[in-house]
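One letter stands for each residue in the lines below.
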2 protein chains.
Amino acid sequence: MATPEDTPEARRARQAVAAVLRAVRADGRSALTAPEGKLVADAYGITTPGEGLAEDVDEAVALADRFGGPVVLKIVSPDILHKSEAGGVEVGLTGAADVRAAFHRIVASVRRHDPGARIEGVQVQQMLPPGQEVIVGAVTDPTFGKVVAFGLGGVLVEVLKDVTFRLAPVSADEADSMLDSVRAAQVLRGVRGAPAVDRRALAEQIRRVSRLVTDFPEMAEVDLNPVIATPEGAPAADIRIILAEGTAVVRPKFSRAEILASMNRLMRPRSVAVIGASEEIGKIGNSVMRNLVDGGFAGDIHPVNPKADDILGRKAYRSVLDVPGDVDVAVFAIPARFVAAALREVGRKGIPTAVLIPSGFAETGEQALQDEVVAVAQEFGIRVLGPNIYGYYSPWQDLCATFCTPYDVKGPVALSSQSGGIGMAILGFARTTGTGVSAIVGLGNKSDVDEDDLLVYFGEDEHTACIAMHLEDLKDGRAFVEAARETVKKKPIVVLKAGRTEAGARAAGSHTGALAGDDKVYDDILRQAGVIRAPGLKDMLEYARALPVLPTPRGDNVVIITGAGGSGVLLSDACVDNGLTLMDIPPDLDAAFMRHIPPFGAAGNPIDITGGEPPATYEATIRLALHDPRVHALVLGYWHTIVTPPMVFAELTARVVAEARAAGIDKPVVASLAGDTEVERAAAHLFAHGVVAYPYSTEEPVAALGAKYRWARAAGLLD
Amino acid sequence: MATPEDTPEARRARQAVAAVLRAVRADGRSALTAPEGKLVADAYGITTPGEGLAEDVDEAVALADRFGGPVVLKIVSPDILHKSEAGGVEVGLTGAADVRAAFHRIVASVRRHDPGARIEGVQVQQMLPPGQEVIVGAVTDPTFGKVVAFGLGGVLVEVLKDVTFRLAPVSADEADSMLDSVRAAQVLRGVRGAPAVDRRALAEQIRRVSRLVTDFPEMAEVDLNPVIATPEGAPAADIRIILAEGTAVVRPKFSRAEILASMNRLMRPRSVAVIGASEEIGKIGNSVMRNLVDGGFAGDIHPVNPKADDILGRKAYRSVLDVPGDVDVAVFAIPARFVAAALREVGRKGIPTAVLIPSGFAETGEQALQDEVVAVAQEFGIRVLGPNIYGYYSPWQDLCATFCTPYDVKGPVALSSQSGGIGMAILGFARTTGTGVSAIVGLGNKSDVDEDDLLVYFGEDEHTACIAMHLEDLKDGRAFVEAARETVKKKPIVVLKAGRTEAGARAAGSHTGALAGDDKVYDDILRQAGVIRAPGLKDMLEYARALPVLPTPRGDNVVIITGAGGSGVLLSDACVDNGLTLMDIPPDLDAAFMRHIPPFGAAGNPIDITGGEPPATYEATIRLALHDPRVHALVLGYWHTIVTPPMVFAELTARVVAEARAAGIDKPVVASLAGDTEVERAAAHLFAHGVVAYPYSTEEPVAALGAKYRWARAAGLLD
């Protein structure tokens, strides 16, 4: 949460609004009236039409003069309910004479209508010019808290749901970016002969609304609807403010240093206790022990079991309190109902982290059991992973604290999943693709440790180059965004957000009791945080595998070199789908390419070297593209021929790329391999040598490159 | 092309329009004036505002009375250029008195303005009420010919490109479907308190425009813009008609019977000649011979080579004219420049089909060489496949007429590709997945045989259950749609249209010189034809593999049964993404499921049987869903556990599905397998036993089911 501005003006504004809100609460209301809304708007500099009460005709003329354009006059009388019927309203008045005449007509008409009416004066209101109707608002999202929304009015918002969201408060730049984030953004720049609207004024309205709800969390909803955007400004024709009932629950917050300290104990322990360790095959406490021992964990492993003297050759303890020396992690493999008591002993032993594998907590409706465990953890300052998880892997520590099969391929990818099934899919995929992993963590019910803790740790972890997370909800969207923003500067974060769709969200509800918000809010805010959102499970896994392999691009110019014209077309499609820019090849480079390819080949981009070419043509063109500093990334389309067989292509490409890298040229290269089954081995060879390659697919290699570009852009490494 | 309507009224309409067009042409113009447009509109019953010339005030009143609502009066004088300046226009006139007074005012004012002006009368024009602006139009697409377009006016069309297209002419139903095919369709049904528009009137405008351009192909463009749609009607405020310069090239047309006869000779030949057969390894003529011989083709194989006596143990002929007996197919493996002469001999020999493998024709700029070949083919009535192709496979005939590696897995999938590289990817994918194939055909430059010919043949071919085509352009979009519509009734067609995006379309241009049209036109019209469009190469391949495995669903109710709640959420997301309907489980069925699953499992849909369940739970719930007639399709989410290992799940599922099928219950079942690498074998087992299953993916199984549903819907097999 941003700190409030501390200028005298800002303080006065807050005091003014606070006074209005006190009055509303005192009145037992939760909705502000229009005049109250106007007071709030004025305090925060939210532009609304000028208005004022004129007690006589000269005041009316003066007010109209101050507003400039045409005005509306309305009678102000506690006795006149229907102003128009009484002849008490006139619109479109311009100039002193007009205003003067209308003032007199109104007063005369109202007197005729009701001679006894008390007349307090005439309200003079600036008449808004015709313009583009837009909506600016703020809502309180269950995941992200205060969120500002912007959309184009009418059909665009109501039918096409063309709205964009950001965490409040927004900076001026962020507010401006919102204007470009709606599909119909072009409208604001002027279409069909209409002039562009005043973007700064519009962005300013968004920024001020975001400031208002940030300063006053009790405002559940603020709506400026419509805002009339014109080349001259963007006043809100109407402001609506609703106050919340009750107050939000505050989750315990840890500092970055505290998180790092706990996560380091968890992920790099020197000593682990297994509560419920067992000799009995088939028991979770046995699988966990076996995986810890067989996985080769170099630290101490202490089985805890009141009924055993030793387990898998390790001395067993009746209670964790009997374990000698410091213990970093207590892994629980006992039934849910015994967890709280055992956790208390863990706390008394001073163990800082607990891994709660057991299920049978909130996910099965046993919320009370979970609350009890959380209370114990808070009492003793224990950080808790789970419950309801498969455990976790920390391969660089040879640590498999899980009941699943061991996994020991060390590498740069850190993965987490909220669900056990997805965790198993991560494991199988990683094993079959040989993906090197720095961590696989089950988060389950996330009673405490969640994605933001992991992001902080993985962000600092020197083994981790890419983070991929499956999640169904976020317990604290703001903490996640905060952690993500820090981490994205250093390494890419891929998120598979399940429950994207309405039907999906319903399933999430029944699964974890998670409050799945509107997916559009998630989508906009995850993007705002610089996170790469994977459209599906397989995509998340493939991105996680590919991103650490690819160097970071230094610019936007993507070049396609293909032996198959047909692949070239599909690769171009994929580039556009992934927001990549096909380089406009300069004439000299074009000519250079043409020197290597047959006269009927096509230069331009894609560069079609044609199908029957020998290895030398692939090699020369790839080298040329790698060594030209204007080219920033390479997409290769290989076509299986007897002239250049798959492994020949793979080896030459790997060699040319390695030579370039040795020469300090480190550009991302991806490849699509079209051919018979030998291309599978060729793709694996390329992947192992720093080129992201897929057989039978033009989409996957380009999607991986697209993900890398999205991250590079979010991290500010492009342009 | 639909035949023109043959009623006296239709004939009169055509004559009236023809007369207008003659006059326009005679005048040396290609654009119609507003009055000419009005004449055309009137002839075809396209509603425009009523208007007429009143020579006196009584006529003006009578006209206004006939139109009903408010009218506009405009002076008609050859001497008055700026009517408004002369006081010659009055708007919003209602009732006889108003019209009468305005008529006199106009005439008097014009007389004052220019006493010498000749006044021919006053035009009385119906004033259109405010309403929803929409656009109805027709354009001439290079691929599809006359195409009607419909969109909502203003920003929606111009900024969001919210337009939909259909082949002209459209039926009333098709026209109506267009109203629902724009994103903002809801607007027409009434939003924000607005009433619904007169859909029938609007659809009728579309239908009539489509009829008009069908009857008059020389109309390059017709635009009704805007049409003002209200609850009372949908008159066009403006009609704009542009005539084309020149006439379109007409491709030779073959009847269905002719196509089937040729394609049968091509795909099921008894005798094949290889022009340019060779003993020399590395030559295409050698590869083709070898593949034909090694592939086990049971018919005659005749090598033709002037310099050899026998090749691969077969007697060789100096000329194809020397080959004894009938020959069905001549496969060419000689350089491009020799093809025309050799084709002439093929023609003289009476061989009905030629397969032109050589490249070096239009794709390398040698259009003249290709034109010459096409001319020879037309002279002799030879149907030509290619040139610039890898050849073709017809596995059920053990026929590999290609220079690529042989492929012999017989099965139900027919594939074609425009590009050789994609053909190789098809081959590799099919081999690695063990996909059974009925044909793989390279189309290359499509100088003659193209997708519509193949669709006609595959539609009738009893071995083919699913057709998948990669294409970059269509030579004749209408012929394709016609063939597709017939074939889709019987079997699904999957199309990968390359050059979807602007960048992609540019690449297509440089590759084949194909005129890639606007992708939205392709998208709408392929959908109109009932074709399943694959978003990418891998998707096309996976759909082709999966669709024949899946039975056709009989209704919309999809049920998800999952052991992993996390998969359930992702599977739900995927269902929504693919337009599938998650069944609202009736209480009795819900209760029935709950009897098999733990109390903390979730019934509803997804049905979460929870993670630790034994095989019996999977079995009982899958059986229950299969045997309940209200359930139409099943999505399974498996979670790898020691209690139910992957192969145990695969075998039990295959068994339960087989039992149901034996009992006449034939529902599509797909499965997502989350687990360690053993799930790969389990997925393969399931696929081989009629369940479309994927490891590490929740998207792919549901996408396959979605494709099957799209086909079933297009084929009219649902509801």
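Here the structure is a predicted model, which is why all the values come from computation and not from measurement.

What counts as what
- Residues numbered from 1 in each chain as written.
- Chains lettered and ligands numbered in written order.
- Predicted model: local features only at pLDDT ≥ 70, side-chain atom pairs only at ≥ 80, totals over all residues.
- Heavy atoms only, no water.
- Buried < 20%, exposed > 50% of the residue type's maximum accessible area, 1.4 Å probe, protein only.
- Helix = DSSP H or I, 4+ residues; strand = E, 2+ residues; numbered from the N terminus.
- Arc of directions from axis to C-beta.
- Contact = heavy atoms within 4.5 Å.
- Buried area = accessible area lost by both parts, 1.4 Å probe.
- Salt bridge = Lys/Arg side-chain N within 4 Å of Asp/Glu carboxyl O.
- Polar contact = N/O pair within 3.5 Å; in protein donor to acceptor, adjacent residues only side chain to side chain.
- Nonpolar A, V, L, I, M, F, W, Y, C, P; charged D, E, K, R; others polar.
- Patch = residues over 30% accessible without salt bridge, like charges linked within 9 Å, V, L, I, M, F, W, Y side chains within 5 Å.
- Areas by Shrake-Rupley, 256 points an atom, 1.4 Å probe, with all protein chains shown as cover.
- Lys, Arg positive; Asp, Glu negative; His and termini not counted.
- Charge placed at Lys NZ, Arg CZ, Asp CG, Glu CD.
- Least-squares fit on C-alpha atoms with pLDDT ≥ 70 in both.
- Pairing = 2+ DSSP bridges.
- Axes fitted to C-alpha atoms, helices over the stretch in contact; angles between N-to-C directions.
- Parallel < 35°, antiparallel > 145°, perpendicular 65-115°, else oblique.
- Left-handed = near helix turned anticlockwise from the far one by under 90°.
- Phe/Tyr/Trp six-rings, centres within 6.5 Å; stacked < 30°, edge-to-face > 60°.
- Lys NZ or Arg CZ within 6 Å of the ring centre and 35° of its normal.
- Domains from an automatic or database assignment.

Trainee: Tell me about helix α19 (residues 587-594) of chain A, and please be specific about residues and values.
Mentor: Every buried residue of α19 of chain A is listed here: Leu 589, Ala 592 and Phe 593 of chain A. Relative to the axis of α19 of chain A, the buried residues are bounded by an arc of 100° and lie together on one face.

Trainee: How would you explain the interface of chain A and chain B if you had to name every residue and give the values?
Mentor: Every contact between the two is made by 77 residues of chain A and, on the other side, 78 residues of chain B. Interface area, chain A with chain B, both sides summed: about 5700 Å², of which 64% is carbon and sulfur. Here chain A and chain B share four salt bridges between them. Glu 700 of chain A serves as the salt-bridge partner of Lys 538 of chain B, at 3.2 Å between the closest nitrogen and oxygen. Between the two partners, chain A and chain B, sit 16 residue pairs in polar contact (both at pLDDT 80 or more). Of all the secondary structure elements, the ones that give two or more residues to the side of chain A that touches chain B are α5 (155-158), α12 (420-433), β22 (493-497), α15 (502-512), α17 (537-546), α18 (565-577) and α23 (699-714) of chain A. Split by residue class, the side of chain A that touches chain B holds 32 nonpolar, 27 polar and 18 charged.

Trainee: Could you give an account of a negative patch on the surface, with specific residues and numbers?
Mentor: All names here are of chain A. Taken together, the side chains of Glu 55, Asp 56, Glu 59 and Glu 120 make up a negatively charged region of the molecular surface. Positionally, Glu 120 belongs in the loop between α4 (96-113) and β4 (121-126). By relative accessible area, Glu 120 is classed as partly exposed at 46%.

Trainee: Can you lay out the relation of the copies chain A and chain B for me, pointing to particular residues and giving the numbers?
Mentor: To go from the first copy of the chain to the second, apply a rotation about an axis and then a shift along the same axis. The operation relating chain A to chain B is a screw motion whose rotation component is 180°, with 0.1 Å of axial translation and a residual RMSD of 0.1 Å. Taken together, the rotation angle and the small translation identify this as a two-fold axis. When each C-alpha of chain A is compared by its distance to the rotation axis, Leu 156 of chain A comes out closest, at 4.1 Å. Residue by residue, 100% of the interface of chain A is reproduced at the interface of chain B, so both copies engage with the same surface.

Trainee: Requested: an account of the sheet that holds strand β4 (residues 121-126) of chain B, with residues and values cited.
Mentor: All names here are of chain B. The four strands lie next to each other as β1-β4-β2-β3, forming an open sheet whose pairing is antiparallel. Every other strand in the sheet has two partners, leaving β1 (51-54) and β3 (89-93) as the edge strands with one partner each. Along the sheet, successive strands turn relative to each other by an average axial angle of 20°, direction set aside. Pairing of strand β2 (residues 71-76) with β4, which is carried by six bridges, proceeds in the antiparallel orientation. Its bridge partner being in β4, Ile 75 is matched across the sheet by Val 122. Sheet strands touched by helix α3 (residues 57-67): β1, β2 and β4. Its angle to β1, the strand with the most contacts, is close to 165°.

Trainee: So, the packing of helix α12 (residues 420-433) of chain B against helix α17 (residues 537-546) of chain B: which residues are in play, and what are the values?
Mentor: All names here are of chain B. Here α12 crosses α17 at 45°, and the two axes come no closer than 11 Å. In this view, α12 runs oblique relative to α17, as classed from their interaxial angle. The chirality of how α12 crosses α17 is right-handed. Contacts between α12 and α17 involve Ile 422, Ala 425, Ile 426, Phe 429 and Thr 433 from the first element and Leu 537, Lys 538, Met 540, Leu 541, Glu 542 and Arg 545 from the second. For the contact of α12 with α17, the residue count by class is seven nonpolar, one polar and three charged.

Trainee: Give me the environment of Asp 215 of chain A: which residues, what numbers.
Mentor: All names here are of chain A. The residue Asp 215 is located in helix α7 (residues 199-215) in this model. A relative accessible area of 16% places Asp 215 in the buried class. Looking at Asp 215, its side chain comes within polar contact range of the side chain of Tyr 44, at 2.6 Å.

Trainee: An account of the pattern of salt bridges is needed here, citing residue identities and associated values.
Mentor: Residue and element names in this part refer to chain A. Taken as a whole and judged by the stated rule, the model has 93 salt bridges over all chains. The closest approach of N and O atoms between Asp 328 and Arg 265, which form a salt bridge, is 2.4 Å. With a gap of 63 residues between them, Asp 328 in the loop between β13 (314-315) and β14 (329-332) and Arg 265 in helix α8 (residues 256-267) connect regions that are remote in the sequence. The buried category is assigned to Asp 328, whose relative accessible area is 2%. For the salt bridge of Arg 527 with Asp 524, the shortest nitrogen-to-oxygen distance reads 3.8 Å. In this pair, Arg 527 and Asp 524 both sit in helix α16 (residues 519-528), three residues apart, roughly one turn of the helix. Through salt bridges with shared partners, one network takes in Asp 519, Lys 520, Asp 523, Asp 524, Arg 527 and Arg 533.

Trainee: How would you sum up the sheet that holds strand β7 (residues 163-167) of chain A? Please name residues and give values.
Mentor: Residues and elements named next belong to chain A. One open sheet holds the five strands; their spatial order is β7-β6-β5-β8-β9, and the pairing between them is antiparallel. In this open sheet, the two strands that pair with only one neighbour each are β7 and β9 (239-243). Within the sheet, the average angular offset between the axes of one strand and its neighbour, ignoring direction, is 15°. Pairing of strand β6 (residues 145-152) with β7, which is carried by five bridges, proceeds in the antiparallel orientation. In the strand pairing of β7, Ala 149 is matched with Phe 165. Each of β5 (132-141), β6, β8 (219-229) and β9 is contacted by α7, which is oriented at about 170° to β8, the strand it contacts most.

Trainee: Account for the packing of aromatic side chains, with residues named and values stated.
Mentor: Scanning all chains against the criterion turns up 16 aromatic pairs over all chains. Between Tyr 638 of chain B and Phe 649 of chain B, the ring centres sit 4.5 Å apart and the planes meet at 20°, which makes this aromatic pair stacked. With Tyr 638 of chain B in strand β27 (residues 633-639) and Phe 649 of chain B in helix α21 (residues 646-662), this pair connects stretches of sequence that are eleven residues apart. Both residues of the pair, Tyr 638 of chain B and Phe 649 of chain B, belong to the buried class. Taken together, the ring pairs in this structure connect Tyr 618, Tyr 638 and Phe 649 of chain A into an aromatic cluster. Over the ring of Tyr 522 of chain B we find Lys 497 of chain B; its NZ or CZ atom is 4.4 Å from the centre of that ring.

Trainee: I'd like a description of the environment of Glu 366 of chain B, backed by residues and values.
Mentor: All names here are of chain B. Its location among the elements puts Glu 366 in the loop between β15 (353-356) and α11 (367-380). Between the alpha carbons of Glu 366 and Arg 337 there is a distance of 9.8 Å; along the sequence they are 29 residues apart. In this structure Glu 366 touches Gly 360 and Phe 361, once residues within four positions along its chain are discounted.

Trainee: Explain the pairing of strand β17 (residues 391-394) of chain B to me, using residue names and the numbers behind them.
Mentor: Looking along a regular strand, one sees the side chains alternate between the two faces of the sheet. All names here are of chain B. Burial along β17 is two-sided: Gly 391 and Tyr 393 facing one way and Tyr 392 and Ser 394 facing the other are all buried. Judged from the four bridges that link them, β17 and strand β18 (residues 399-402) form a sheet pairing that is antiparallel. In the sheet register, Ser 394 faces β18, and the bridge partner there is Leu 399. Here two bridges tie β17 to strand β20 (residues 437-442), and the two strands are oriented antiparallel to one another. Counted as the bridge partner of Tyr 393 is Ile 440 from β20.

Trainee: Summarise unusual backbone geometry; cite the residues concerned and give the values.
Mentor: Cis geometry is found at the peptide bond from Ala 168 of chain A to Pro 169 of chain A, where omega equals 0°. In this fold, Pro 169 of chain A is placed in the loop between β7 and α6 (172-179). Residue Pro 226 of chain B is reached from Asn 225 of chain B by a cis peptide bond, and omega for that bond is -5°. Tracing the chain through its elements places Pro 226 of chain B in strand β8 (residues 219-229). Positive phi, close to 50°, is recorded for Lys 446 of chain A, a residue that is not glycine.

Trainee: Could you give me a rundown of the domain arrangement of chain A, with the residues and numbers involved?
Mentor: In many analyses, interface size is given as the accessible surface area lost on bringing the parts together. Segmentation of chain A into domains returns domain 1 (1-48 + 129-248), domain 2 (50-127), domain 3 (256-546) and domain 4 (557-714). Between the C-alpha centres of domain 2 of chain A and domain 4 of chain A there is a distance of 73 Å.

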